[in-house]
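What follows is each chain in one-letter form.
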Amino acid sequence: LRIRFGATAMAIAVLCIVVIELCWSVGLNTLVSTMKSWLQDQGFSNADSSSVHQIFTLLSFALSFLGGIVAECYIGRYRTILIFSAVYVAGCALTAVAARPGTESIPLFMIGILVLTAPGTGGVKPNIGTFGADQFDPAIEESVRRKEAFF
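Residues numbered from 1 in each chain as written. Predicted model: local features only at pLDDT ≥ 70, side-chain atom pairs only at ≥ 80, totals over all residues. Heavy atoms only, no water.

## Examining unusual backbone geometry
Piece 1. Within the chain, glutamate 104 stands out as a residue other than glycine whose phi angle is a positive 35°.
Piece 2. Secondary-structure assignment places glutamate 104 in the loop between helix H3 (77-99) and helix H4 (106-128).
Piece 3. Residue glutamate 104 is classed as partly exposed on the basis of its relative accessible area, which comes to 39%. (Helix = DSSP H or I, 4+ residues; strand = E, 2+ residues; numbered from the N terminus. Buried < 20%, exposed > 50% of the residue type's maximum accessible area, 1.4 Å probe, protein only.)

What follows is the structure, encoded as structure tokens:
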């Protein structure tokens, strides 16, 4: 019964990981690939729009350290992913509203992309990828065999 429950729990966890990773990747790649051209449409020079893009990338990766520290030292990975995913979603929503024709608000866009989306990315990035290995319980012999077969 424990192995069966463990397999079901693992399947649910893997499904959640895949869904979160898919949504995160699609959203992030959409923002990154359109950011520079949208900023140029708003009057930014090529150099200025590239700078904003690079600042976003820098913040996303640099804040990964913060996401890892918060998860490991304070609130755990599940809560960290939940909280930073909410921040990320809020940032994506604010960025989308700011870029909407008729609104086109650069200050809202900058808040959405740099203040919310980048930290949200930084909080999710270091934690979601490590869940694959965490789904194997070393106390269960079958789980150990599956882990060895997987890795």
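Resuming the write-up.
## Comments concerning the confidence of the model for the chain
Piece 1. When pLDDT is averaged across the chain, the result is 86; 89% of the residues are at 70 or more.
Piece 2. Across the chain, the secondary-structure element scoring lowest on mean pLDDT is helix H5 (residues 131-134), at 65, and the one scoring highest is helix H2 (residues 46-75), at 95. (pLDDT = per-residue confidence, 0-100.)

## Quick word on the nonpolar core
Piece 1. Grouped together as the largest cluster of nonpolar side chains are 21 residues, with contacts concentrated most on Met35, Leu39, Phe56, Phe109 and Ile113.
Piece 2. Elements supplying a minimum of two residues to this core: helix H1 (2-41), H2, H3 and H4.
Piece 3. Tallying contributions element by element places H1 first for this core, with seven residues.
Piece 4. Excluding residues that lie within four positions of it along the chain, methionine 35 makes contacts with Val52, His53, Phe56, Phe109 and Ile113. (Core = buried A, V, L, I, M, F, W, Y, C linked by side-chain atoms within 4.5 Å. Contact = heavy atoms within 4.5 Å.)

## Focus: the environment of valine 87
Piece 1. By the secondary structure assignment, valine 87 is in helix H3.
Piece 2. Relative accessible area serves as the criterion here: at 25%, valine 87 is assigned to the partly exposed category.
Piece 3. Placed 36 residues apart in sequence, valine 87 and glycine 123 show a C-alpha to C-alpha distance of 9.1 Å.
Piece 4. Those residues in contact with valine 87, other than ones at most four positions away along the chain, are Leu116 and Gly120.

## Some details on H3
Piece 1. Over its 23 residues, H3 runs 32 Å from end to end, which matches the ideal 33 Å to within 8%, given 1.5 Å per residue.
Piece 2. Taken as a whole, H3 has its buried residues at Thr80, Ile81, Phe84, Ser85, Tyr88, Gly91, Cys92, Thr95 and Ala98. (Expected span 1.5 Å × (residues − 1).)

## Overview of the packing of H2 against H4
Piece 1. The geometry of H2 relative to H4 is characterised by a closest axis approach of 6 Å and an angle of 45° between their N-to-C directions. Between H2 and H4, the angle is such that the two are oblique. As H2 runs across H4, the sense of the crossing is right-handed. Across the interface between the two elements, Val52, Ile55, Phe56, Leu59, Ser60, Phe61, Leu63, Ser64, Gly67, Gly68 and Ala71 of H2 pack against Met110, Ile113, Leu114, Thr117, Ala118, Pro119, Thr121, Gly122, Gly123, Lys125, Pro126 and Asn127 of H4.
Piece 2. The residue makeup of the contact of H2 with H4, split by class, is 13 nonpolar, nine polar and one charged. (Axes fitted to C-alpha atoms, helices over the stretch in contact; angles between N-to-C directions. Parallel < 35°, antiparallel > 145°, perpendicular 65-115°, else oblique. Left-handed = near helix turned anticlockwise from the far one by under 90°. Nonpolar A, V, L, I, M, F, W, Y, C, P; charged D, E, K, R; others polar.)

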